[in-house]
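Structural features, examined
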Amino acid sequence: MYKGIITPMITPMNVKGEIDYSATQVLIEKLDKYGVDGLFPMGSTGLFPMFSTEERKKFLSFVSEHSGKMQVYAGVGSSSTQESIELSKYTEDIGIKTRVLMPTYYIKPDENWIYKHFSAVISAASNDLFIYNIPQLAGSWISEDLIEKLAREFSNVKGIKDSSGDMRFFSRIMKHKGSNFDIFQGQDDLLFLSLSIGASGGVCGLSNISPYITDLYHEFSSGNLDKARDIQMNSINSLMYAVNSATFPSGYYYAFYKMNNIKGGYRAPMIEPSSDQKRIIDLEISKIA
């Protein structure tokens, strides 16, 4: 059974836009200090489409080797089924327990296309797999029926990260949660609501830069609902809106670099936050203890 807080990791870069492994080590140490349960490298916040297959493999390997007690959820998404299969086999070879896969993108797939992609990738390795529903970026929804079908047909499909932001959809799929299938919220500002209806946890980008997410989860799990709600309303939401004042996910990178005195970079075509956006982010990160 999966539960807790998983960080969809940024991929720290130097001023040339190359992966910075020293900064990645700083990030992993911070996440361990914050008390996250899992690390999700090469997801959306990690800018996976901007890196080559070899860069992705190297980063996944580094995170796996330095993850300590935190479990790794390896992003294997691609518009190429063949690349997702190659990455899946690689994660299994290096001992990563869990993969995460979204639909193919750019060319908008129908449900049969999505099923064909998922079934091929799932079958390519025996390690667990999480479905990743993020229609605003992938361009297509994974329907409730398809979620149920994949979970029924493939025993290593163990859960879903839903980042749709649609709480009606999230509420509907919650009925599929069970001893062999877990459901995680992917939108930070919906974490409290999602835990309230039984979500297994959250895959939340703000955990890259603050302990707010893990604080909320621990308070909620301890039954301190008023405190958890206060963290959601007065800490998480304002920080989320601030970092997202810049084009996603540049604000998360800026905040991480600023908070850790790292001279970081942005891989083209990323745009560094503007001066006004930086001021908005600075105000919120100054509040983080």
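Conventions used here
All chains use their own residue numbering, which begins from 1 and follows the written sequence. The predicted nature of this model means local features are confined to residues of pLDDT at least 70 and side-chain atom pairs, given and counted, to a pLDDT of 80 or more, with totals for whole chains, interfaces and linings taken over all residues. Here the side-chain values reflect all heavy atoms present in the structure, with hydrogen atoms and water set aside. Only protein chains enter the accessibility calculation, which uses a 1.4 Å probe; a residue is then buried when its area is under 20% of its type maximum, exposed when over 50%, and partly exposed in between. Numbering goes from the N terminus for both helices and strands, where a helix is a DSSP run of H or I of at least four residues and a strand is a run of E of at least two. Strands are treated as partners if at least two bridges between them are detected by DSSP. Consider the strands pointing away from the viewer: the crossover is right-handed when the path from the first strand over the helix to the second runs clockwise. Axis geometry follows a simple rule: fit a line to the C-alpha atoms, using only the stretch in contact for helices, then measure angles between N-to-C directions, giving values from 0 to 180 degrees. Residues are called lining when one of their atoms sits within 4 Å of a cavity or pocket point, these points coming from a 1 Å grid over the protein atoms alone, where a cavity is a set in which a 1.4 Å probe fits but cannot get out and a pocket is an open set with protein on both sides within 12 Å along at least five of seven lines. Grid points are joined across faces, edges and corners, and a volume is the space filled by probe spheres set on the points. Here the term charged refers only to Asp, Glu, Lys and Arg, the term nonpolar to Ala, Val, Leu, Ile, Met, Phe, Trp, Tyr, Cys and Pro, and the term polar to all other amino acids, Gly among them. By convention in these notes, a salt bridge is any Lys or Arg side-chain nitrogen within 4 Å of a carboxyl oxygen on Asp or Glu. Definition of a polar contact: a pair of N or O atoms within 3.5 Å, with one able to donate and the other able to accept a hydrogen when the atoms are protein atoms, and with sequence-neighbouring residues admitted only if both atoms are side-chain atoms.

Residue alternation in strand β4 (residues 98–101) divides its side chains into two sets, T98 and V100 and R99 and L101, and both sets are buried. In the sheet, β4 pairs with strand β5 (residues 128–133) via 4 bridges, with the strands oriented parallel. Of the residues in β5, the one forming a bridge with L101 is I131. Handedness of the crossover joining β4 and β5 through helix α4 (residues 111–123): right-handed.

A few words on the sheet that holds β5. Spatial ordering of the closed barrel is given by β1-β2-β3-β4-β5-β6-β7-β8, a layout of 8 strands whose pairing is parallel. Across the sheet, the mean angle from the axis of one strand to that of its neighbour is 25 degrees, orientation sign disregarded. In terms of strand pairing, β5 meets strand β6 (residues 157–162) through 5 bridges, oriented parallel. From the neighbouring strand, F130 faces β6, where its bridge partner is G159.

Turning next to the environment of K108. Tracing the sequence through the fold places K108 in the loop between β4 and α4. With 31 residues separating them along the chain, K108 and G77 place their C-alpha atoms 15 Å apart.

Here we come to the pairing of strand β3 (residues 71–75). Side-chain direction in a regular strand flips from residue to residue, so the side chains alternate between the two faces of the sheet. The buried fraction of β3 is high, at 4 of 5 residues. Where strand β2 (residues 38–40) and β3 come together, 2 bridges link them in parallel fashion. Following the sheet pairing, G38 is matched in β3 by Q71. This β-α-β element, β2 to helix α2 (residues 53–65) to β3, shows right-handed connectivity. Sheet analysis places β3 next to β4, joined by 3 bridges and oriented parallel. Following the sheet pairing, G75 is matched in β4 by V100.

Summary: where empty space remains is shown by rolling a probe the size of a single water molecule over the atoms. The full count for this structure, using the stated rule, is 1 cavity of 30 Å³ or more. Class assignment of the residues belonging to the lining of the largest cavity gives a composition of 7 nonpolar, no polar and 1 charged.

Turning to the pattern of salt bridges, a few remarks are in order. Oppositely charged side chains may form a pair once their charged atoms are brought near each other. Applying the stated criterion across every chain yields a total of 10 salt bridges. Across the pair K258 and D282 runs a salt bridge whose closest N-O atoms are separated by 3.1 Å. Taken together, the positions of K258 in helix α11 (residues 250–259) and D282 in helix α12 (residues 275–285) put the pair 24 residues apart, joining distant regions of the chain. The exposure class assigned to D282 is partly exposed, which follows from its relative accessible area of 22%. The partner of E272 in a salt bridge is K278, with the nearest N and O atoms 2.6 Å apart. With a relative accessible area of 42%, E272 lands in the partly exposed category. Judged by relative accessible area, K278 falls into the partly exposed class, the value being 21%. Put simply, E54, K57 and E86 are held in one network by salt bridges that share partners.

On to the side chain of N133. Within the element layout of this structure, N133 appears in strand β5. Overall, N133 belongs to the buried group, its relative accessible area being 0%. Within the local environment of N133, its side chain forms a polar contact with the backbone nitrogen of I142, the two atoms lying 3.0 Å apart.

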